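# Remarks on the overall topology
Okay, here's what each chain looks like letter by letter:
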Amino acid sequence: MPFAHYLPEQMGTATIAPAGPFDAGSYAELMLTYTAGTFGIDDTGHLKISWRTTSDMGKPQLSDPAAPNYTTVEASNGAELEVRVDRVNIRPWANTLFIRVGRGFLRQGDTITVRFGDRRRGSPGLRLQTNCERTFEFKVVVDAFATYEFTEIASPEIALVAGPAARWKAIWPTLAVAGEPFRLAILAEDRWGNPTERAEGELLLMPSAPVAGLPSRVTVRPGDGPAVIQGLRAEQPGDLALRVYDTAERELCVAPPLRVVAAAALRHFWGDLHAQSEETIGTNSVEDYFAYARDRAFVDIVGHQGNDFQITDGFWDRLNDVTRHYDEPGRFVAVPGYEWSGNTGMGGDRNVWFIDEARPIRRSSSILVADGTPRNSDCHTAAALFEALQGEDAVVIAHVGGRYADLHVAHDGRLERSVEVHSTWGTFEWVLHDAFDIGARVGVVCHSDDHKGRPGATRPGASHFGAIGGLTCYLMPELTRAALFDALRRRHHYGTTGMRMFLSVAGHFAAPVTLFDDDPALGPAARRSVTVVQMGDIVAPGPHKMRLDVEAVGAAPIERIDVFHGSELVRTVRPESTAPSRRIRVMWQGAEYRGRGREVDWHGTLAVEGGRFRRADPVNFLNPENPLHEPEAGCRLAWRSVTTGNMAGIDLYLEDGEAETIVLQTNFGGGRFAAAEIGREDLVIPMGGLGRQAVLYRLPEELPDRLSFSHEAVFAGPSDLPVYVRVTQADGNQAWSSPIYLIGEPR
């Protein structure tokens, strides 16, 4: 039987004051006033005020008037109100202030006043969302008849803008051909990672070698956007570094390493293929999304991956129009696609991309589309999705988000060519190892899965997302969709945790071996005789050894490079150093488990006995609200930190380096460790969970920004031997190469 529907204006109005603009992540007092409509609200009726599920706005609290986020709710007629804060609304508006009229009722014109961040008794206010949004909505729904049937009324909004400049970024390519033009972009960000125009000053540009067209100074004025300098050229092959200083000669930032070569069959193009906008569960419009990726994050490639069960037919058409508009071969590649968001038990999340627009969307369900009516085109399992995509010019990537891709449930190598090992959800190297377990031959990508309107350059803010969004370097001859899809199908790419490093991984053979143009396990594949292969290649080496040549030039000093044979760590290469060091690294890492809620909330202290430390530097402390504390100078540290499969920690510079004892305590364990017994090798303290552990080791006080070596791999069969490397920088960032697959000769 159909329900009766009433007009929103019959259910009342809501206003908010002030409406801003406010600095993202700042504290404010907001007064939201609901005025009852024609029917008032009956005894035991309800009012719900909701904001986006993924917003990191401070959670309103009702008990401590002097603490942040204190919130009060009052009825103008004295009706008693029962109030709680919960996640009791339909996605993407789960965060909810839930108000029940417990004793009494409201007549037309009566009001309920909500003071978010009520400052009258000492609270600093409500901590606002940390990412920018011109139209941050408070969605208001009313149950006027006490039937738990809600009507949505017009949503009041506030505006959130970027705060003052807190840091600078310089972005240019990681590979260029001598004599050919390239671009440099310089921009300022606020403390939460939002690009800001509230910056000014003279910037001094100091390249390590001459760059034609590069000015020595750049003037930045308030209101300016990013400074973009086109048409730069490096005439000589070699490695280029660029440092940016202010007029007091303080270093502001360093550009990514740039390798200049005489010629290149494959160029480096950086991309983020995976994030969402406000039309699904993200922030800001889809048009803002693509403009940000191109003009603020300065990536070369971007895709959009809205949750399929929220994508209406109208939005699917609009999304395809937007990707068609933004795709400019040679300048910027925009790719149409969606996230197949199936339940975990049905196969888990998959990213689907098409080379052309106007392809059909095969949803995991239509639960939030067209009143939740199932459609014949729905594919409820990953296996059904793969079957439906046969014949499409499409690529699928296994994604770990709220629902993780379970390759043991479904995998189709004809379509699913890579796995995503890092995003703002965390780090998931285990999904690559799952692929090895089932004999899949996949590459490695890292994307953001950004929900904050910042594809290509997202930071976790203050939310449960515990990592910086990833980036992937695609090795392509040109910047086109066709070249991108070819790179994905050949696994010619490497992923990072958001930084742009130069990474070269090549296999060399003393005699010709067989290189396959496609995976021969999928059917007949063209083959060639070669002596050199690159990351992602599938090779039948026969009796010949592979010499793996690895070279990494970091965006920061490099701590180590790990070499894997499949899931087995077979070698760790560290920078050589004979100088004595008093630098001890203490790291914690891991996740609770594979699924949603994987974040680990760390509470820890560290004390130094028998001496002192000179300095303590945080590593991967990504939330400005949770810095590293030093309650006792030179002797004691304390922290709160979140990991979601990734890592965080401290570099401790001891005064003596041998005589001290380090006492580590966390909510998962700890211990006492004599500094004299901490060497270059990892001292691991297992703490349960999924790779949850603490690690202590000694680092050289100075580390290089580049590291190269050779490694020998011998295929013994009969199973594949995937060979890949993981690079770890001293700042906690990491990179993964796609594996080279050494296989037996196909039958």
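Further up the page is the structure itself.
Computed from a prediction, not measured in an experiment: that's the story for all the values here.

Looking at where Glu279 falls in the secondary structure, it is placed in the loop between strand S26 (267-272) and helix H1 (286-295). You can call Glu279 buried: its relative accessible area is 18%. Side-chain polar atoms of Glu279 contact the side chain of Ser277, separated by 2.6 Å. Only 2.9 Å separates the side chain of Glu279 from the side chain of Arg318, close enough to count as a polar contact. Once residues within four sequence positions are removed from consideration, Glu279 is found in contact with Asn284, Ser285, Val286, Gln310, Phe315 and Arg318.

Bringing the packing of aromatic side chains into the picture now. For the structure shown, the criterion picks out 23 aromatic pairs. Taking 6.5 Å as the distance between ring centres and 70 degrees as the angle between the ring planes, the aromatic pair formed by Trp316 and Phe354 counts as edge-to-face. Of this pair, Trp316 sits in helix H2 (residues 313-326) while Phe354 sits in strand S30 (residues 350-354); the two residues are 38 residues apart in sequence, bridging distant segments of the chain. The same class applies to Trp316 and to Phe354, which are both buried.

Another point: empty space enclosed by the protein. A full pass over the atoms with the stated rule returns 3 cavities of 30 Å³ or more. Of the volumes computed, that of the largest cavity is approximately 100 Å³. Taken together, His422, Thr427, Ala467, Ile468, Thr497, Asn620, Leu622, Asn646, Met647, Gly732, Asn733 and Gln734 make up the full set of residues lining the largest cavity. Residue composition of the lining of the largest cavity, grouped by class: 4 nonpolar, 8 polar and no charged. Approximately 40 Å³ is the volume attributed to the second largest cavity. Taken together, Trp425, His464, Phe465, Arg596, Gly597, Arg598, Glu599 and Thr644 form the lining of the second largest cavity. Here the residues of the lining of the second largest cavity sort into 2 nonpolar, 3 polar and 3 charged.

With that out of the way, let us pick up the sheet that holds strand S20 (residues 217-220). Read across the open sheet, the 4 strands follow the order S20-S19-S23-S24; overall the sheet is antiparallel. With one partner strand each, in any of the chains shown, S20 and strand S24 (251-254) form the two edges of the open sheet. Here the average twist between neighbouring strands, direction ignored, is 25 degrees.

One open sheet accounts for 5 strands, arranged S46-S47-S44-S49-S50; its pairing is antiparallel. Of all the strands in the sheet, just strand S46 (629-632) and strand S50 (669-674) have a single pairing partner and so form its edges. Along the sheet, successive strands turn relative to each other by an average axial angle of 20 degrees, direction set aside. Here strand S44 (residues 600-609) runs beside strand S49 (residues 661-666); their pairing, made up of 6 bridges, is antiparallel. From the neighbouring strand, Val608 faces S49, where its bridge partner is Ile662.

The subject of this paragraph is the packing of H1 against H2. Interaxial distance between H1 and H2 falls to 10 Å at its minimum, and their mutual angle equals 25 degrees. Relative to H2, the element H1 is oriented roughly parallel. With respect to the hand of their crossing, H1 and H2 are arranged in right-handed fashion. For the pair H1 and H2, the contacting residues are Val286, Glu287, Phe290, Ala291 and Arg294 in the first and Phe315, Arg318, Leu319, Val322, Thr323 and Tyr326 in the second. Classifying every residue of the contact of H1 with H2 by side-chain character gives 7 nonpolar, 1 polar and 3 charged.

This next bit is on the pattern of salt bridges. Applying the stated criterion across every chain, the model contains 64 salt bridges. Of the charged contacts in the structure, one is a salt bridge between Arg527 and Glu745, with a shortest N-O distance of 2.5 Å. Of the two residues, Arg527 is situated in strand S38 (residues 527-534) and Glu745 in the segment after strand S56 (740-742); the sequence distance between them amounts to 218 residues. For Arg726, the salt bridge identified is with Asp562, shortest N-O distance 2.8 Å.

For the bond running from Arg91 to Pro92, omega is 5 degrees, close enough to zero to count as cis. Omega for the peptide link from Gly717 to Pro718 comes to -5 degrees, which places this bond in the cis form. Within the element layout of this structure, Pro718 appears in the loop between strand S53 (706-713) and strand S54 (721-729). The backbone of Thr44 shows a phi angle near 75 degrees, a positive value even though the residue is not glycine. The partly exposed category is assigned to Thr44, whose relative accessible area is 28%. Of note, Ala146 is a non-glycine position whose phi angle comes to about 60 degrees, a positive value. Looking at the secondary structure, you find Ala146 in the loop between strand S12 (139-143) and strand S13 (151-153). You can call Ala146 partly exposed: its relative accessible area is 30%.

Rules behind the numbers
Residues numbered from 1 in each chain as written. Predicted model: local features only at pLDDT ≥ 70, side-chain atom pairs only at ≥ 80, totals over all residues. Heavy atoms only, no water. Helix = DSSP H or I, 4+ residues; strand = E, 2+ residues; numbered from the N terminus. Buried < 20%, exposed > 50% of the residue type's maximum accessible area, 1.4 Å probe, protein only. Polar contact = N/O pair within 3.5 Å; in protein donor to acceptor, adjacent residues only side chain to side chain. Contact = heavy atoms within 4.5 Å. Phe/Tyr/Trp six-rings, centres within 6.5 Å; stacked < 30°, edge-to-face > 60°. 1 Å grid on protein atoms, 1.4 Å probe; cavity = no way out; pocket = protein on both sides within 12 Å on 5 of 7 lines; lining within 4 Å. Points joined across faces, edges and corners; volume = space filled by probe spheres on them. Nonpolar A, V, L, I, M, F, W, Y, C, P; charged D, E, K, R; others polar. Pairing = 2+ DSSP bridges. Axes fitted to C-alpha atoms, helices over the stretch in contact; angles between N-to-C directions. Parallel < 35°, antiparallel > 145°, perpendicular 65-115°, else oblique. Left-handed = near helix turned anticlockwise from the far one by under 90°. Salt bridge = Lys/Arg side-chain N within 4 Å of Asp/Glu carboxyl O.

By themselves, these figures tell us nothing about what the structure is for.
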